[in-house]
Amino acid sequence: MRSLIKFALFTCVVTLAVVAFAGDKGPDGKTLYKANCLVCHDKGSPNGEYTPMSLISDQWDAFFKTKLVPSHKDAVLPNSGDKKLLEILNPEELKVLHKFCVDHAADSEQPLTCG
Amino acid sequence: MKRLFAFAFLTLWAAACLAGDKPVSSHAQYFEHYEGTKTCLQCHRQDAENFFHSQHYQWEGNAPNIVNADGRKLGKMNTINDFCTNPRVNWIGNVKNSRGEVITKGCSACHAGSGKLPSEKMTEDQLENIDCLMCHANGYRRDLYPDGKGGWEWKPILWQNQVGMDSVAKRISLPTRIMCLRCHSASGGGANYKRGDIEYVLSDTTRDYDVHMGTNGANMQCIACHKGQDHRVRGRGSDLSGTDMPSAPLSCSTKECHGDAPHKLAVLDKHAERISCTVCHIPDFARTDATDMYRDWSKPAYNAEADKYSATITLEKDVKPVYAWYNGTTREQFMGEPVHKLADGTIGMMIPMGSKADPHSKIFAFKLHRAKMPVLDGKDYIIPIEVEEFFSNGNIDEAVKAAAKATYHVDDAKYTWMPTTRYMGIFHGVQPKEKALQCLDCHGKNGRMDWKALGYGQDPLAVLMSAHK
């Protein structure tokens, strides 16, 4: 009987842990894009307007692989207390952003402006 | 021999273009920068001229299958339907809702042109209006932009990104399923609203869903059946007015496809003499996306989420077809002619011709679409609706009167709402034989055939059996 209770408790703990872990997915691509990209690249911005559908998927791949770091190494996120963009975004968030841009690129099935 | 090699090369090239997911840059060697349709015209002028005269550009064509056409060229452009009625009065323009969001851009969104109405006369301007990339470039997307002259035009969304534009413009292939489905599945205001049997899912589905298009089935592209020549496309279903290739109607029973006697059982082949394959092999439609079965334009409906008005639309899923005799010809209700009422009092918008007594008729499967449409008092002319502004403001009276003015030059039109009926052939979503109808689906106690309406006194099998007793 004891071992049955132990097993039941163990199962509950594992289930709760899995649910808690699954619920903590982090921000989605659209939210990340709005907070970190659109904030400097909105319509009329002196930095140039960029939305996911400004580029095709190959161009987004090239951007995230080779251009993002050199072109944004000094970029500071507005209203963040002078924090640098590349220090704010962690590798996982960059992956999510990259996927979002490719999924909604100009040559995707669902091009998005992210407006 | 040279011809054989050329044919083999073209076949392999087309297959390569259609097979992979990776976009094929088939035109990389032909031009450096895409500068609109004039880039295509450098090599494809004859193709463009052929296309200019086609159904897909003119939205009109010869209509020998419409019994009351009287030799007129017909098509979407000069006829009326009970979905969004007529494209000429709803052609192009951004219409916004009260939140400032664009809710509609006009019927030209699905015209293979850059926004100008097709003209009768072929001009350079009209040839350059043809948007080749819509049907031939993988990854091409476009949107509506001001044309600088107070109007609107469709332009690639990459118009400010020449490198991206050049990449997409070089991915040329024959039309793939998804290229066709973007327009043919989206018609009528929503996914699968209009046709019922042409669903987005057909772009990537299984044999179980559609034996022809399923990727683990024959994996056929739309153009495998609808192939034509000189940019003419075969097939008209049962309710297209004009058609590109009336002399080459689509049929399952050609030698290249299934022949006249495709079954192992003689009794099934006997059935096929008077019953279209679709009857047994497409037992239902709208299996993924619900389809519009009834559209009541007299009752505006407001969608708060989209902040948009529409007609009151009844959507249904997994719909059983209705069955009727059809000999390949249809009677159509035209604008500017008194309405023709059926026995049930509804206006027959598109009615299949044929009967049990007609040896050229077979029983076909149909979606039966009903609607309520405005009819001009005194003249009995059916009136289109200027739906674009209506989507924004919900004023149906204004939308009908504006269309009556534009179409019949009548001020402050008086009109009456009348019920309509349209038969639309069901031809897609052919299922494997294991899922085809069985004997009792039609000949059972609660069989799906309305034998009386089909001209039989009762179930013909019951008659046969009682004769043998």
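Residues numbered from 1 in each chain as written. Chains lettered and ligands numbered in written order. Predicted model: local features only at pLDDT ≥ 70, side-chain atom pairs only at ≥ 80, totals over all residues.

Trainee: How would you sum up the environment of B:Ala69? Please name residues and give values.
Mentor: Residues and elements named next belong to chain B. Position of Ala-69 relative to the elements: it lies in the loop between β1 (61–62) and β2 (73–74). Taking the C-beta count within 10 Å as the criterion, Ala-69 has 19 such neighbours and is therefore assigned partly exposed. Apart from residues lying up to four places away in sequence, Ala-69 is in contact with Ala-63 and Leu-74. (Helix = DSSP H or I, 4+ residues; strand = E, 2+ residues; numbered from the N terminus. Buried ≥ 20, exposed ≤ 12 C-beta atoms within 10 Å, placed from the backbone. Contact = placed C-beta atoms within 7 Å.)

Trainee: Give me the lowdown on the packing of helix α2 (residues 29–41) of chain A against helix α5 (residues 91–103) of chain A, citing residues and values where you can.
Mentor: Residue and element names in this part refer to chain A. One can describe the packing of α2 onto α5 by two numbers: an axis separation of 8 Å at closest approach and a directional angle of 100°. It follows that α2 is roughly perpendicular to α5 by the angle criterion. Across from Gly-29, Lys-30, Leu-32 and Tyr-33 in α2, the residues of α5 making contact are Glu-93, Val-96, Leu-97, Lys-99 and Phe-100. Classifying every residue of the contact of α2 with α5 by side-chain character gives five nonpolar, one polar and three charged. (Axes fitted to C-alpha atoms, helices over the stretch in contact; angles between N-to-C directions. Parallel < 35°, antiparallel > 145°, perpendicular 65-115°, else oblique. Nonpolar A, V, L, I, M, F, W, Y, C, P; charged D, E, K, R; others polar.)

Trainee: Please give an account of the environment of B:His33 that cites residues and values.
Mentor: Residue and element names in this part refer to chain B. Mapped onto the fold, His-33 is located in the loop between α1 (2–19) and α2 (37–52). Residue class for His-33 comes out exposed when judged on the 10 C-beta atoms lying within 10 Å of it. Considered as a pair, His-33 and Met-165 are 132 residues apart in the sequence and their alpha carbons are 8.2 Å apart. In this structure His-33 touches Gln-162 and Asp-166, once residues within four positions along its chain are discounted.

Trainee: Before we move on, can you summarise the interface of chain B and chain A with the specific residues and values?
Mentor: In many reports, interface size means the accessible area that the parts give up when they come together. Chain B puts nine residues into the contact, and the matching count from chain A is nine residues. In the side of chain B that touches chain A, the residues fall into four nonpolar, four polar and one charged.

Trainee: Describe the domain arrangement of chain B, with residues and values.
Mentor: All names here are of chain B. Domain annotation of chain B identifies domain 1 (24–247 + 266–437) and domain 2 (440–469). On a C-alpha basis, the centroid separation for the pair domain 1 and domain 2 is 36 Å. Counting residues at the interface gives seven residues for domain 1 and six residues for domain 2. (Domains from an automatic or database assignment.)

Trainee: Tell me about unusual backbone geometry, and please be specific about residues and values.
Mentor: Residues and elements named next belong to chain B. In this structure, Asp-307 is a non-glycine residue whose phi angle is positive, near 50°. For Asp-307, the location among the structural elements is in the loop between β7 (291–303) and β8 (308–316). One non-glycine residue, His-409, lies in positive phi territory at about 60°. Here His-409 lies in the loop between α12 (396–408) and β14 (415–425). What makes His-409 exposed here is the crowd of 8 C-beta atoms within 10 Å.

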